[in-house]
Amino acid sequence: MYKNTLRKAAHVWKRIIELRLSEQEAFMLRFYVTFTDLHWGMFIPAIKGQGTEQQQQKWLPLAYKMQIIGCYAQTELGHGSNVQGLETTATFDRKSDEFIINSPTLTSRKWWPGGLGKASTHGVVYARLLVDEKDHGVNGFIVQLQSFDDHSPLPGITVADIGMKFGNGAYKTMDNGVIRFNHVTREGKYVQSDVPRQLFYGTMVYVRQTIVANASCALSRAVCITTRYSAVRRQFGSQDGGPETQVIDYKTQQNKLFPLVATAYAYRFIGEWLKWLYTDATQRLQASDFSTLPKAHACTADLKSLTTSSTADAIEECRKLCSSHGYLCSSGIPELFAVYVPACTYEGDNVVLLLQCCSDVQQAEDWLNPSAILEAFESRAARISVACARNINKMPSQEEGFDELSSDLVETAVAHCQLIIVSKFIQKLKQDIPGKGVKEQLQILCNIYALFLLHKHQGEFLATGAIILKQASLASSVLGRYDGNVYPNLYAKAWEELLNDTVVPDDYREYIRPMLKQQLRTARL
Ligand SMILES: Cc1cc2nc3c(=O)[nH]c(=O)nc-3n(C[C@H](O)[C@H](O)[C@H](O)COP(=O)(O)OP(=O)(O)OC[C@H]3O[C@@H](n4cnc5c(N)ncnc54)[C@H](O)[C@@H]3O)c2cc1C
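In this text the structure is predicted, and so the values were computed from the model without any measurement.

## Brief notes about the layout of surface pockets
The computed volume of the second largest pocket comes to approximately 370 Å³. Along the wall of the second largest pocket there are 18 residues; nearest its centre are Met1, Tyr2, Glu497, Leu498 and Leu499. Taken together, the residues of the lining of the second largest pocket sort by class into 8 nonpolar, 2 polar and 8 charged.

Written out as structure tokens, the structure is:
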């Protein structure tokens, strides 16, 4: 799969040059090829957004012509969301006038950057800048990773692919990588950057607004597949040998599908608005006006979180709406889901982003009181049931009422079942439960369950902004080890990856080298 991606990337690049495509046209063509995603999607924007003029003049022409391939190396084995916790160091050595890049611990090794494992020759590496033992915090450094002669890692660098990922193809076609720097040096002179700190946020705003736009694309594909199939699929309802009912005519199907179709449109418009917001903020930045940047930053972070979470859920919902056939890879939905779902994690974990943007959201403490939980579930179930019953009574007959309001009935049933489960859980906790500490743990689990539902159906509850983490299955996983020895095992497991049998990918000579070595005079880029 990786070889095939390299082949496609090389071909796409050839066509971009032959057809003399503009940046926008080239973007559309590359959209379907993941291997160079990070080069164009993060490496170049990081240099454009954070580099000094001198740095841009040096690196951008090389990057635009793909004479270097870059990645964005921020996340480490031990830290993702907490960027301030990064451990990689860049120590300025006055004697040699160099930065020495080092991974002092196992957890400091870069872990995840797309394109790092095999393809990239360079990376924007985020590291703590140490000058005369003073820590200047996390800064970006352009570091050469592979030799231009044979693509082997430069001295002091250990680099590999991190291993198989979720899905059938999806991100398995990308060499997300791990890298260890052992006192790596490069020539360079330390110059205090004159680029305003705020521009760092400008890069994030750019990347996140493209993610929001992509949410609409992914969701549109899912609802398009589902809507067409729902019109073709027929189940039940045949009268006198006539055709069965199209499943799109069932209210329950409509109730789930139509809001998703509407959402795809809503996301498209919000994506366009964010693009405008970004362009406006960029123009102002050029005039050293930073006034709109905080708003643009908050909006893109918040909307990135909201749109990617709901799109991932929506694609899965579409799979269910296509039922068994949606589970087949040939439906296109499983692959779409596998490609899409990490958007909830990369460029900022969605929960963490929401926490950043909604600091005034109410806390969950009040809901830890069982009677408050029960009251809320009871009143919600009662309100929905009464409303539903009233609406059914307004119909000419009960049968027609049940048919027309089937979605409401499903909602009522769900609310009622959830009330039963929560109340039984609470009831159980009033009894004696043997085993030291077992009751306390069950109490926590009960709260988690109830608060998860409160959060999921917050529109119905008019509830709080409490955030609940879903529990993942931990069985036979390097993450869920009984001994907690996660990092060494995660790290060791990566080296079992087939792609890591050779340091330089087998296909380097065929695809990467020709791309890096070519002279691209005809390109408009
Ligand atoms: C497909 C893919 C591609 C990627 N590409 C790149 C790349 O090119 N370059 C790169 O540098 N990185 C990349 N990443 C890494 C990505 O940026 C990180 O995964 C992301 O920042 C989240 O960090 P983490 O995975 O370490 O999660 P963690 O931060 O460890 O989060 C674990 C859990 O803790 C929760 N949590 C964390 N902090 C808080 C808090 N303060 N309050 C409440 N809950 C919290 C989170 O919500 C989450 O549920 C990629 C990841 C993926 C999946």
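## Some details on the nonpolar core
Across soluble globular proteins, nonpolar side chains show a tendency to be buried alongside one another. One finds Trp13, Phe43, Ile44, Ile47, Val124, Tyr126 and Ile512 to be the most contacted residues of the largest nonpolar core, which totals 36 residues. Those elements that provide at least two residues to this core are α1 (2–18), α3 (37–50), α4 (53–64), β5 (122–131), β6 (134–144), α5 (199–232) and α17 (508–517). Looking at this core element by element, the count peaks at 7 residues for α1. Ignoring sequence-local partners within four residues, the contact set of Ile47 consists of Gln56, Trp59, Leu60, Val124 and Ile142. In this structure, Ala312, Ile315, Cys318 and Leu321 belong to the second largest nonpolar core, which totals 21 residues.

## So, the domain arrangement of the chain
Here the chain is described as being made up of domain 1 (33–195), domain 2 (197–356) and domain 3 (358–470). Relative to domain 2, the C-alpha centre of domain 1 lies at a distance of 30 Å. At the interface, 18 residues of domain 1 touch 17 residues of domain 2. Across the domain 1/domain 2 interface, buried area totals approximately 1300 Å², and carbon plus sulfur atoms make up 63% of it. Where domain 1 packs against domain 2, one counts 0 salt bridges. Counting the contacts that link domain 1 with domain 2 gives 0 residue pairs in polar contact (both at pLDDT 80 or more).

## Re the sheet that holds strand β8 (residues 177–181)
Spatially, 3 strands are ordered β4-β8-β7 in an open sheet, and the strand pairing comes out antiparallel. A strand with exactly one partner marks an edge of an open sheet, and here the two such strands are β4 (110–111) and β7 (157–161). Bridge count for β4 against β8 is 2 bridges, and the pairing is antiparallel. Across the sheet, Trp111 pairs through a bridge with Val178, a residue of β8.

## Brief notes about the site of the ligand
Surrounding the ligand, one finds 20 residues, the nearest of these being Tyr72, Gln74, Thr75, Ser81 and Asp349. Contact between the ligand and Tyr72: a nitrogen atom at 2.7 Å from a main-chain N or O atom of the residue. With respect to the ligand, the backbone of Gly114 contributes an N or O atom lying 3.0 Å from an oxygen atom. In isolation the ligand has 970 Å² of accessible area, and contact with the protein removes 66% of it. Elements supplying a minimum of two residues to the shell around the ligand: β1 (70–73) and α10 (350–357). With 3 residues, the top contributor of residues to the shell around the ligand is α10.

## What about the environment of Ile17?
Tracing the backbone through its elements, the reader meets Ile17 in helix α1. For Ile17, a relative accessible area of 9% corresponds to the buried category. The spacing of Ile17 and Lys65 is 48 residues in sequence and 9.6 Å in space, taken between C-alpha atoms.

## Topic: the packing of helix α6 (residues 251–286) against helix α7 (residues 293–321)
Put simply, α6 and α7 touch, their axes get as near as 10 Å, and they point 155 degrees apart. One finds that α6 runs roughly antiparallel with respect to α7. Helix-helix and strand crossings are classified by hand; for α6 and α7 the assignment is left-handed. Class assignment of the residues belonging to the contact of α6 with α7 gives a composition of 17 nonpolar, 5 polar and 2 charged.

## A short note on the pairing of β1
Burial along β1 is two-sided: the face carrying Gly70 and Tyr72 and the face carrying Cys71 and Ala73 are both buried. Across 4 bridges, the pairing between β1 and β5 is parallel. Of the residues in β5, the one forming a bridge with Cys71 is Gly123.

## Thoughts on the pattern of salt bridges
Between side chains of opposite charge, pairing is possible as soon as their charged atoms come close. Applying the stated criterion across every chain, the model contains 13 salt bridges. Notably, a salt bridge pairs Arg284 with Asp280, separated by 3.0 Å at the nearest N-O pair. Separated by 4 residues within a single helix, Arg284 and Asp280 lie in helix α6, roughly one turn from each other. Accessibility expressed as a relative area gives 32% for Arg284, which makes it partly exposed. Here Asp280 falls in the buried class, since its relative accessible area comes to 17%. Note that Asp289 and Arg284 form a salt bridge whose closest N and O atoms lie 3.2 Å from each other. Through salt bridges with shared partners, a single ionic network connects Lys3, Asp507 and Glu510.

Each value, and the rule that gives it
- Residues numbered from 1 in each chain as written.
- Predicted model: local features only at pLDDT ≥ 70, side-chain atom pairs only at ≥ 80, totals over all residues.
- Heavy atoms only, no water.
- 1 Å grid on protein atoms, 1.4 Å probe; cavity = no way out; pocket = protein on both sides within 12 Å on 5 of 7 lines; lining within 4 Å.
- Points joined across faces, edges and corners; volume = space filled by probe spheres on them.
- Nonpolar A, V, L, I, M, F, W, Y, C, P; charged D, E, K, R; others polar.
- Core = buried A, V, L, I, M, F, W, Y, C linked by side-chain atoms within 4.5 Å.
- Buried < 20%, exposed > 50% of the residue type's maximum accessible area, 1.4 Å probe, protein only.
- Helix = DSSP H or I, 4+ residues; strand = E, 2+ residues; numbered from the N terminus.
- Contact = heavy atoms within 4.5 Å.
- Domains from an automatic or database assignment.
- Buried area = accessible area lost by both parts, 1.4 Å probe.
- Salt bridge = Lys/Arg side-chain N within 4 Å of Asp/Glu carboxyl O.
- Polar contact = N/O pair within 3.5 Å; in protein donor to acceptor, adjacent residues only side chain to side chain.
- Pairing = 2+ DSSP bridges.
- Near = heavy atom within 4 Å.
- Areas by Shrake-Rupley, 256 points an atom, 1.4 Å probe, with all protein chains shown as cover.
- Axes fitted to C-alpha atoms, helices over the stretch in contact; angles between N-to-C directions.
- Parallel < 35°, antiparallel > 145°, perpendicular 65-115°, else oblique.
- Left-handed = near helix turned anticlockwise from the far one by under 90°.

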